[in-house]
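Chains, contacts and geometry: an overview
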Amino acid sequence: MDSTVEIDEDSDNKGSMWVLDQKLDQPMDEEAGRLRNMYREKKFSTLLLLRLAYQSLGVVYGDLGTSPLYVFYSIFPDGVKDKEDLIGALSLIIYSLTLVPLLKYVFIVLRANDNGQGGTLALYSLLCRHAKIKIIPNQHRTDEELTTYSRSTLPERSFAAKTKRWLEEQAFIKNTILILVLVGTCMVIGDGILTPAISVLSAVGGIKVNHPDLSSGVVVLVAVVILVGLFSMQHYGTDRVGWLFAPIVLLWFLLIGGIGIFNLWYYGSSVLRAFSPVYIYRYLRRGGKDRWTSLGGILLCITGTEALFADLAHFPVSSVQIAFTLLVFPCLLLAYSGQAAYLMNNLSHSRDAFYRSIPDRIYWPVFVVATAAAIVASQATISATFSVIKQALAHGCFPRVKVVHTSKRFLGQIYIPDINWILMILCIAVTAGFKNQNQIGNAYGTAVVIVMLVTTLLMILIMILVWRCHWILVIMFTGLSLIVELTYFFAVLFKVDQGGWAPLAIAGTFLVIMYVWHYGTLKRYEFEMHSKVSMAWILGLGPSLGLVRVPGIGLVYTELASGVPHIFSHFITNLPAIHSVVVFVCVKYLPVYTVPEEERFLVKRIGPKNFHMFRCVARYGYKDLHKKDDDFEKKLFHNLFMFVRLESMMEGCSDSEEESIYYQQTEQRRDGILNNNGNTASLNMDITISSVDSIVPAGSPSHVIVTVQSSSQASRSSQNEVGELEFLNNCRDAGVVHILGNTVVRASRDSRFYKKIAVDYIYAFLRKICRENSVIFNVPHESLLNVGQIFYV
């Protein structure tokens, strides 16, 4: 990628016009290779999708695939009393699998992904881009120019536009949507606790079929040992052992499908009458409360569907759809039908229906594969829990925790040590406390159905604002989804006292933590916004800022993307010196899954040149990794120096300092400019030669027009550039100090008691135990300076 300079001099030589145009000039071999790759991808797209569909089995379908281990026991904990009840339960299972995982999720909800990212927070991010419903208003119009910030404009008088305005005007609705999203997120965290417990306990429980004299305590002990091993291995990541997941799950589905076919052949295929929905009506009509509460057990056949959406990353939607329709769905139908055929002849064996229906010759191989599949299913939900917590961190809804990326190839594979050990303790407590999968199943069903309801409610807004569907389609989707899910929801309410309270307690605790933390984060941001220092005050201090300017660079971290933060005025009024160069650093997360590296940094100058004050905004998506301090610092200074070079090149645009020139490159193929060594450097900048501090829309991404008044002025600009770059390098060599604000939020005296509890106790406790910003930014202690201040809300 080359930079070309076209010079057009007029006849009287009064001035020159320099046009810097970024041209895409790829070598022929690279272009030919790219075309070959495109052709190959198109030609073998079917084979590629089949390979990805195979790989998705180990990540997406482990949880859904292990449900046959415990569904019939949860439906009939005391045995089957009537064969017609068995047919009715099987009919409910068949149509539940058809309506929820197949029709709703695989063919509709998966299409609502945020550039391949799934889950409730991904849906929330998608909505935040199409409507200004984010509670913390830290977005700017320049953020909307990111290549990943995709959204569509709405016709002014359309129903979608009216809905958008209504959402943006109602603060109560914004808070309701946020709480709804947090509830769904908390229930996914509950899944990360309950799935390993019920899957591993159900798989290990198969030992008692061949050894009925074995006590339940031994089974629980073995399950706990496996769980401890599973959580202890999380820090290695799934990348090293992930190649085992897909073949294990594939073998598992083939086994349960084959066993189902064998049972249908051996015990009779009369259960296939369940494909008629008439038996659902008969099943519900015959029973009373018992039939209604048994729906909580039937619900377990679709557990894992919400993890299917949350674990969508790294796989195209079409590959996940192929895997489900061609393998997962038919194998699950065969597995449940085969177990029902076995139970038709053994009504009292519902407790261990899966293991008892296995032919004796293959019992132990199936037991080993079942245990391995349960571990894979547990791994998938644990990974999903880590992912949603990282998304919550990016939205300012979770206390700061350490996030470790375990794979260099897959950015989405992360490990959160603090959360891992909390999940392990709670998972062991659930396994040892309930001791049987029936009560854990009741708890599991409660968590799953609430996540599904949250997804349905968010999908209504997605269909209106993003897809702009016709209102008839919205009503059809909403009505069908709510009929099924509300039925299951009211059914699990009857089992709250039989284990269903567990996810409610877990989710309630996490909800309080997340909402209080978000409230404190919002109040801190509002405090910075309302108390920021005016540029007039800064300009009035003069180039020395009224202090001694000592050699070095001060990086002042702030949450503001514009304006001078209050922490700076607090700092300079209490200390007699400030660094020669001051850079206000804002690390901000946007409602996008990723920000391309070449578009990450925005750099600009604050005030006149002799002030030596800059702003750097580093933008991240909820999937991005904030790299260690050395890497971050290196990229920050690289962009700062590049800014100075470009600013000097365009300095001749006007004699007035009030004129502004904006330069921002937003296309990845047009992001190279030559540095002093002749190498291409990627950057994305907003260059402003102005004394006014504001971020403005970028100019043309393809070229920058510079007017040079005279050759002497160009020479003077070059000298200024060299001088300032040398000054910046000398200051950098003198030392870099990271200045972090430590704003303590306290409730005012006239606050109500619940606000005092939330702010003075819960939020204060969370700030005390969570990781400090200096740890998150990997700032060395010898270069750290904390500035404290108190803010009353």
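Here the structure is a predicted model, which means the values were calculated and not measured.

**As for the nonpolar core**
Grouped burial of nonpolar side chains is what soluble globular proteins tend to show. Within the largest apolar cluster, 168 residues are counted, with the highest numbers of intra-cluster contacts made by Tyr61, Phe72 and Tyr355. Per-element tally for this core: the top contributor is helix α19 (residues 437-466), with 19 residues. If near-sequence neighbours (up to four positions away) are discounted, Tyr61 is found in contact with Ser56, Phe253, Leu308, Val320, Ala323, Phe324 and Val328. The next biggest cluster of nonpolar side chains, apart from the first, holds 26 residues, and it includes Tyr620, Leu640, Phe643 and Leu725.

**As for the packing of helix α5 (residues 83-106) against helix α13 (residues 289-298)**
Contact geometry of α5 with α13 gives a least axis separation of 11 Å together with a crossing angle of 50 degrees. As far as their axial angle goes, α13 and α5 are oblique. In this structure, α5 crosses over α13, and the sense of that crossing is right-handed. Counting all contacts with α5, which are made through Asp85, Ala89, Leu92, Ile93 and Ser96, the residues of α13 involved are Arg291, Leu295 and Ile298. Here the contact of α5 with α13 is composed, by residue class, of five nonpolar, one polar and two charged.

**Comments concerning the side chain of Thr385**
Relative to the assigned elements, Thr385 resides in helix α17 (residues 363-394). Beyond its immediate stretch of four places on either side in the chain, Thr385 contacts Val188, Ile189, Gly192 and Leu423.

**Overview of the environment of Glu84**
In this fold, Glu84 is placed in helix α5. Measuring from C-alpha to C-alpha, the distance between Glu84 and Met344 comes to 9.3 Å, with 260 residues separating the pair along the chain. The residues touching Glu84, leaving out its near neighbours within four places in the chain, are Arg273, Tyr279 and Arg286.

**A few points about the pattern of salt bridges**
Summed over all chains, the structure comprises 12 salt bridges. Where Glu485 meets Lys104, a salt bridge forms, and the shortest distance between an N and an O atom there is 2.3 Å. Taken together, the residues span a long stretch of sequence, with Glu485 in helix α20 (residues 471-493) and Lys104 in helix α5 at a distance of 381 residues. This pair shows no difference in class: Glu485 is buried, exactly as Lys104 is.

**Considerations on the side chain of Glu528**
Among the structural elements, Glu528 can be located in helix α21 (residues 501-530). Of the side chains bearing the opposite charge, Arg524 lies closest to the buried Glu528, which forms no salt bridge; the N-O distance is 5.6 Å.

**A word on the packing of aromatic side chains**
A complete count under the given rule lists 24 aromatic pairs for this structure. An angle of 50 degrees between the planes, with centres 6.1 Å apart, marks the rings of Tyr355 and Phe367 as tilted. With a gap of 12 residues between them, Tyr355 in helix α16 (residues 353-356) and Phe367 in helix α17 connect regions that are remote in the sequence. Ring geometry for Phe489 against Phe490: centres 5.6 Å apart, planes inclined by 65 degrees, an arrangement best described as edge-to-face. Clustering of aromatic rings is evident, with ring pairs tying together Trp252, Phe354, Tyr355, Tyr363, Trp364 and Phe367. We note Arg111 situated over the ring of Trp467; from NZ or CZ to the ring centre the distance is 4.7 Å.

**Let's talk about the sheet that holds strand β8 (residues 613-620)**
With respect to topology, six strands assemble into an open sheet ordered β7-β8-β6-β5-β12-β13, the strand pairing being mixed. With partners counted over all chains shown, the strands left at the sheet margins are β7 (601-605) and β13 (784-792), one partner each. If you compare each strand with its neighbour and ignore which way they point, the axes differ by 25 degrees on average. Relative to strand β12 (residues 736-746), strand β5 (residues 548-558) runs parallel, the two sharing four bridges. Residue Val556 lies in a different strand from β12, and its bridge partner there is Ile739. Contacts from α21 reach β5, β12 and β13, with the element oriented near 115 degrees to β12.

What counts, and where the lines are drawn
- Residues numbered from 1 in each chain as written.
- Predicted model: local features only at pLDDT ≥ 70, side-chain atom pairs only at ≥ 80, totals over all residues.
- Heavy atoms only, no water.
- Core = buried A, V, L, I, M, F, W, Y, C linked by side-chain atoms within 4.5 Å.
- Buried < 20%, exposed > 50% of the residue type's maximum accessible area, 1.4 Å probe, protein only.
- Helix = DSSP H or I, 4+ residues; strand = E, 2+ residues; numbered from the N terminus.
- Contact = heavy atoms within 4.5 Å.
- Axes fitted to C-alpha atoms, helices over the stretch in contact; angles between N-to-C directions.
- Parallel < 35°, antiparallel > 145°, perpendicular 65-115°, else oblique.
- Left-handed = near helix turned anticlockwise from the far one by under 90°.
- Nonpolar A, V, L, I, M, F, W, Y, C, P; charged D, E, K, R; others polar.
- Salt bridge = Lys/Arg side-chain N within 4 Å of Asp/Glu carboxyl O.
- Lys, Arg positive; Asp, Glu negative; His and termini not counted.
- Phe/Tyr/Trp six-rings, centres within 6.5 Å; stacked < 30°, edge-to-face > 60°.
- Lys NZ or Arg CZ within 6 Å of the ring centre and 35° of its normal.
- Pairing = 2+ DSSP bridges.

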